[in-house]
Amino acid sequence: MTGGIDFHTHPVLVREMIARYPELERAARETYRVGNNFQPLRVMLLEMDLAGIERAVVLPIDARTSRQATVYSNEQIRELCNMSERLIGFASVDPRGPDAPHDLTHAVKALGLRGLKLAPAMQEFFPNDRKAYPVYERATELRVPVLFHAGMSWEPGSRLKYGHPMHFEDVAADFPKLPIVLAHLAWPWVVDAVALALKYPNVYLDTSALAFDNPTDFLRYAMTQQVPLTVFERSLRRQLVFGSNYPRIEIRAVAKAVRSLGFSEECLELIFRINAETLLGERP
Amino acid sequence: MIIKLERIEVTSTRELQMIDITPEVERVVGESGVRQGMVFAMTAHTTSSLLVTEGIECLERDVPAHLERLAPKQPPEGSYGYYHNRYLDFDGRLGFNAGDHLKSILGGIGCFFPIENGKVVRGRRQTVYFVEYDGPLARTVFVQVIGQA
């Protein structure tokens, strides 16, 4: 397998960016909260190499209204992506701000970012809040996917209620041409998330679910016991993308876990590469 | 009396890896101005070691492989588990590396050598290795030189 894509990484530990923007240290430690040492970008790329991952989506979070902070601005994501062609930049906008649709257009058209990241728990909005609909309309017009944080949330002060899959159903139904990715399998509500994906072909799930034990045991529980693996293999093979949630866990560990579950080689190719390429508009 | 502390960075490229840092330790000693004394080296991390052994490629495979057998990252199914395999709220990530902490304990975190006439005194086959158990990562090694000019 070649050319894999990690659809879910947060570049919060990249040392080169911390050196340029010292405020990103506070964003990493307090807003996002991760305690690991800052690392050169080269280490993230080495991590991808060991995991068999060619490219990675790097995600910002715009939480200016709820936290008075951004965990990377869209401009900083662009700057980071300029350091390596292996990085795919997504934008984030504050859905509670009046300029959100304009900000998204700027991020896509002027900065070349290729998707939208929203984190309802950190941004403190329900995804089916009609105030967010102009953002979804603009994302649909721009033909970029939306990756939503869903399920449990670790960030300080974030409330789990915003991440329940049922709050995403209106979005899936009202914007059928908008691909939306529910991150982390929306754990612990995996069954609900799977139900949404079964019903709505524009709903995707990413594999970055991890709350206890280790990646292999946890994903085996979520993807073979909470929901049988056959459901993913047979029914959702084109709606599942590999995501690691790096640096909360190593990319290689999650990749190894996904590959250990028992998927067919054809399905692994879809999960690790083809479905992500489809979401990114690189294939029909 | 001269006391100098230097932090050297070592970047591992694999999950388990032995990296020869002897030249770096000798460089720090050489630049310290110490003629008679001691040099101490210590990893700054708890999932890596500093080891002294013969500097040959076969041992660079055997040593980490043996430590991995003694303290596997993922124990054989049904044998035992690690309490450390849990989400660490204070760290914002999963503690999925108990085996690597254990390997660090088994391997030790530091070493020391005498200094004579400004040179590190070590056995002919002794090589100083930084040993990575949880790479790839950029790591820090403390090297402190103490002695007289």
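To be clear, the structure that these remarks concern was listed above.
Anyway, here's the lowdown on the structure attached to this text. All of these numbers come straight from a predicted model, not from anything done at the bench. (Residues numbered from 1 in each chain as written. Chains lettered and ligands numbered in written order. Predicted model: local features only at pLDDT ≥ 70, side-chain atom pairs only at ≥ 80, totals over all residues.)

1. Overview of the sheet that holds strand E4 (residues 48–54) of chain B
All names here are of chain B.
Okay, so step 1: Strand order in the open sheet made by the three strands is E2-E9-E4, with antiparallel pairing throughout. In this open sheet, the two strands that pair with only one neighbour each are strand E2 (17–20) and E4. Averaged over all pairs of adjacent strands, the angle between strand axes in this sheet comes to 35°, irrespective of strand direction.
Okay, so step 2: As paired elements, E2 and strand E9 (residues 126–132) share four bridges and run antiparallel to each other. From the neighbouring strand, Met18 faces E9, where its bridge partner is Val131. (Pairing = 2+ DSSP bridges. Helix = DSSP H or I, 4+ residues; strand = E, 2+ residues; numbered from the N terminus. Axes fitted to C-alpha atoms, helices over the stretch in contact; angles between N-to-C directions.)

2. Focus on the packing of helix H6 (residues 100–110) of chain A against helix H8 (residues 133–142) of chain A
All names here are of chain A.
Okay, so step 1: At their nearest, the axes of H6 and H8 sit 8 Å apart, and the two run at 25° to each other. Of the possible angle classes, the one that applies to H6 and H8 is roughly parallel. The interaxial crossing formed by H6 with H8 has right-handed handedness. Taken together, the residues of H8 that come into contact with H6 (itself represented by Ala100, Pro101, Leu104, Thr105 and Val108) are Pro134, Val135, Arg138, Ala139 and Leu142.
Okay, so step 2: The class makeup of the residues in the contact of H6 with H8 is eight nonpolar, one polar and one charged. (Parallel < 35°, antiparallel > 145°, perpendicular 65-115°, else oblique. Left-handed = near helix turned anticlockwise from the far one by under 90°. Contact = placed C-beta atoms within 7 Å. Nonpolar A, V, L, I, M, F, W, Y, C, P; charged D, E, K, R; others polar.)

3. Regarding the interface of chain B and chain A
Okay, so step 1: At the junction of the two partners, chain B supplies 16 residues and chain A supplies 22 residues.
Okay, so step 2: Here the residues of the side of chain B that touches chain A sort into seven nonpolar, five polar and four charged.

4. A word on the environment of Ser49(B)
All names here are of chain B.
Okay, so step 1: By secondary structure assignment, the location of Ser49 is in strand E4.
Okay, so step 2: For Ser49, a count of 25 C-beta atoms within 10 Å corresponds to the buried category.
Okay, so step 3: Along the sequence, Ser49 and Ser104 sit 55 residues apart, while their C-alpha atoms lie 5.2 Å from each other.
Okay, so step 4: For Ser49, the residues in contact, after removing those within four places along its chain, are Thr43, Ser104, Gly107, Gly108, Ile109 and Val131. (Buried ≥ 20, exposed ≤ 12 C-beta atoms within 10 Å, placed from the backbone.)

5. What to know about the sheet that holds strand E3 (residues 36–43) of chain B
All names here are of chain B.
Okay, so step 1: With antiparallel pairing, five strands are arranged side by side in an open sheet as E1-E10-E3-E7-E8. Each edge of the open sheet is held by one strand with a lone partner, namely strand E1 (2–11) and strand E8 (119–120).
Okay, so step 2: In this sheet, E8 lies alongside strand E7 (residues 110–116) in antiparallel orientation, the contact comprising two bridges. Counterpart to Ile115 in the pairing with E8 is Val120.

6. Section: the environment of Val227(A)
Residue and element names in this part refer to chain A.
Okay, so step 1: Within the secondary structure, Val227 is located in the loop between helix H11 (215–226) and helix H12 (229–235).
Okay, so step 2: Classification of Val227 as partly exposed rests on a count of 17 C-beta atoms within 10 Å.
Okay, so step 3: Counting along the chain gives 132 residues from Val227 to Pro95, while the straight-line C-alpha distance between them is 32 Å.
Okay, so step 4: Each residue touching Val227, except ones within four places of it in the same chain, is listed here: Val190, Val191 and Val194.

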